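Chain by chain, the residues:
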Amino acid sequence: MDYKKAGVDIEAGYRSVELMKKYVQETMRPEVIGGIGGFSGAFSLENIKNMEEPTLVSGTDGVGTKIKLAFLLDRHDTVGIDCVAMCVNDIACAGGEPLFFLDYIACGKNEPEKIAQIVKGVAEGCRQCGAALIGGETAEHPGLMPEDEYDLAGFAVGVVDKKDLITGNDLKAGDVLIGIASSGVHSNGFSLVRKVFEMTRESLDTYYDELGRTLGEALLEPTRIYVKALKMVKDAGVRIKACSHITGGGFYENIPRMLPDGVRAAVKKDSYEVPAIFKLLQEKGGIEEQMMYNTYNMGLGMIVAVDPADVDKTISALEAAGERCYVVGDIQNGEKGVTLC
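Residues numbered from 1 in each chain as written. Predicted model: local features only at pLDDT ≥ 70, side-chain atom pairs only at ≥ 80, totals over all residues. Heavy atoms only, no water.

Student: A description of the overall build of the protein should follow, citing residues and the corresponding values.
Tutor: When helices and strands are tallied, the protein shows 12 helices and 14 strands. Taken over C-alpha atoms, the radius of gyration comes to 21 Å for the protein, in line with the 20 Å a tight globule of 341 residues would show. A total of about 15,700 Å² of accessible surface is found on the protein, and carbon and sulfur atoms cover 49% of it. Across the protein, the centroid of the 36 positively charged side chains sits 2 Å from that of the 51 negatively charged ones. (Helix = DSSP H or I, 4+ residues; strand = E, 2+ residues; numbered from the N terminus. Rg over C-alpha atoms; globule rule 2.2 N^0.38 Å. Areas by Shrake-Rupley, 256 points an atom, 1.4 Å probe, with all protein chains shown as cover. Lys, Arg positive; Asp, Glu negative; His and termini not counted. Charge placed at Lys NZ, Arg CZ, Asp CG, Glu CD.)

See the structure below:
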């Protein structure tokens, strides 16, 4: 008896590392110390010395049951982008710059080529946000999960000068809400998605005119990463007063998280076009509108609040970053919460 006969292939682990190295290398920043494959990742903080009060911000998350679609479609190079996005978008909400990222892959059987594709996506997400992929772990768990399945989670660390933290503390009535378009369903609500649509290869390969592509392509579209867009807003001289990453819980849970007591957000539903994937999901599932807004991003992956005088500069900066954005509402006096009107 040996470890391989017990279900863990050490040689496959070595091959996975070799295959992923080229993707990891593309994410390196000057602050990274040492090479790939050490017991820990080292990152110099030399470059943050000029900050008055450097403050670390962190985020951790996974991809959720969206990963089931990757299994069915046998496409594994995009879920890594989702994993990074879910972590670094939260850091960006606080005004932070992501510095580095680590991933964790648990699998029933280590298939090196598949693992390399997953890490390729993680590296692409890191490249999009400017973070270095400085470490990770691939754990083979025979008997704990099916051989052809895996789970993916990650952890990111960023930094922000304390004076630049986005807290929402000085929000006031009259401040304007600007919504930034999502790329689709992102990485939340897929347990409901999988109840609405038949989870078969045939169903996911079905082409829908309103989507302009197959259902699987629309659902597997990676979560948009907003880090560089929000940095461009800051570089334009705009102070973002509050920011909400619209994830699980949709509008009703996430928007109030950016509000202090005494104010509420009013969002106009007709201020932008809800993407076709959400309309199709609502129609096919017979889902009430309130539940849609309480589960999904409904086409807005991020909402920021700015002073009315900064609206034009904010929109110009976001559009220059390649984002579609809309004035979607404002801040009003009242009990903390959100009104959809």
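Student: Got a sec to walk through the sheet that holds strand S10 (residues 242-245)? Specific residues and values, please.
Tutor: A sheet is described by the order of its strands in space; here 6 strands give the open sequence S10-S12-S7-S13-S11-S14, paired in mixed fashion. Here the strands that pair on one side only, and so sit at the sheet edges, are S10 and strand S14 (338-340). The sheet shows a mean angle of 25° between the axes of neighbouring strands, taken without regard to direction. The pairing of strand S11 (residues 263-267) with strand S13 (residues 325-333) spans 5 bridges and is antiparallel. Counterpart to Ala266 in the pairing with S13 is Asp330. Contacts from helix H3 (residues 79-93) reach S10 and strand S12 (300-306) within the one sheet, and its direction differs from that of S10 by about 165°. Taken strand by strand, helix H12 (residues 311-320) contacts strand S7 (176-181), S12 and S13, and its axis lies near 10° from that of S7. (Pairing = 2+ DSSP bridges. Axes fitted to C-alpha atoms, helices over the stretch in contact; angles between N-to-C directions. Contact = heavy atoms within 4.5 Å.)

Student: Residue-level account of the side chain of Glu140, with values.
Tutor: Counting through the fold element by element, Glu140 comes out in strand S5 (residues 132-140). For the buried Glu140, no salt bridge is present, and the opposite-charge side chain at shortest range is Lys109, 7.0 Å distant. Within the local environment of Glu140, its side chain forms a polar contact with the backbone nitrogen of Asn110, the two atoms lying 2.9 Å apart. (Buried < 20%, exposed > 50% of the residue type's maximum accessible area, 1.4 Å probe, protein only. Salt bridge = Lys/Arg side-chain N within 4 Å of Asp/Glu carboxyl O. Polar contact = N/O pair within 3.5 Å; in protein donor to acceptor, adjacent residues only side chain to side chain.)

Student: Explain the sheet that holds strand S3 (residues 54-62) residue by residue, including any values.
Tutor: Spatial strand order, S3-S6-S4-S5: 4 strands in an open sheet with mixed pairing. Each end of this open sheet is capped by a strand with a single partner; those strands are S3 and S5. Averaged over neighbouring strand pairs, the angle between their axes works out to 15° when direction is ignored. Here S3 pairs with strand S6 (residues 150-161) via 9 bridges, running antiparallel. Following the sheet pairing, Gly59 is matched in S6 by Ala156.

Student: Pulling in residues and values, what's your account of the nonpolar core?
Tutor: One finds Phe101, Tyr150, Leu152 and Ile178 to be the most contacted residues of the largest nonpolar core, which totals 57 residues. For this core, the element with the most residues is H3, which contributes 10 residues. Excluding anything up to four places from it in sequence, Leu152 contacts Gly62, Val63, Ile67, Val79, Gly80, Cys83, Asp103, Tyr104, Ile105, Ile118 and Val122. (Core = buried A, V, L, I, M, F, W, Y, C linked by side-chain atoms within 4.5 Å.)

Student: Could you give an account of the pattern of salt bridges, with specific residues and numbers?
Tutor: All told, the structure shown has 23 salt bridges when counted by the stated rule. Of the charged contacts in the structure, one is a salt bridge between Lys49 and Glu46, with a shortest N-O distance of 3.2 Å. Residue Glu46 is classed as partly exposed on the basis of its relative accessible area of 46%. Two residues, Glu124 and Arg127, come together in a salt bridge whose shortest N-O distance is 2.7 Å. Residue Glu124 and its partner Arg127 are located together in helix H4 (residues 112-129), separated by 3 residues, close to a single helical turn. Relative accessible area serves as the criterion here: at 26%, Glu124 is assigned to the partly exposed category. Each member of the salt-bridge network shares a partner with another, and the members are Asp161, Lys163, Asp164 and Lys234.

Student: Please give an account of the pairing of S12 that cites residues and values.
Tutor: The buried count for S12 comes to 7 of 7 residues, which makes it a mostly enclosed element. Across 6 bridges, the pairing between S7 and S12 is antiparallel. For Ile180, the partnering residue across the bridge sits in S12 and is Met302. With 4 bridges joining them, S10 and S12 adopt antiparallel strand pairing. Across the sheet, the residue bridging to Cys243 is Val304, located in S12.

Student: Any chance you could break down the packing of H3 against H4 for me, citing the residues and the numbers?
Tutor: Relative to each other, H3 and H4 sit at 40°, their axes nearing to 6 Å. In this view, H3 runs oblique relative to H4, as classed from their interaxial angle. Judged by the twist between their axes, the crossing of H3 over H4 is right-handed. Listed contacts from H4 to Gly80, Ile81, Val84 and Val88 of H3 are Ile118, Gly121, Val122, Glu124, Gly125, Cys126, Gln128 and Cys129. Looking at side-chain class alone, the contact of H3 with H4 contains 7 nonpolar, 4 polar and 1 charged residues. (Parallel < 35°, antiparallel > 145°, perpendicular 65-115°, else oblique. Left-handed = near helix turned anticlockwise from the far one by under 90°. Nonpolar A, V, L, I, M, F, W, Y, C, P; charged D, E, K, R; others polar.)

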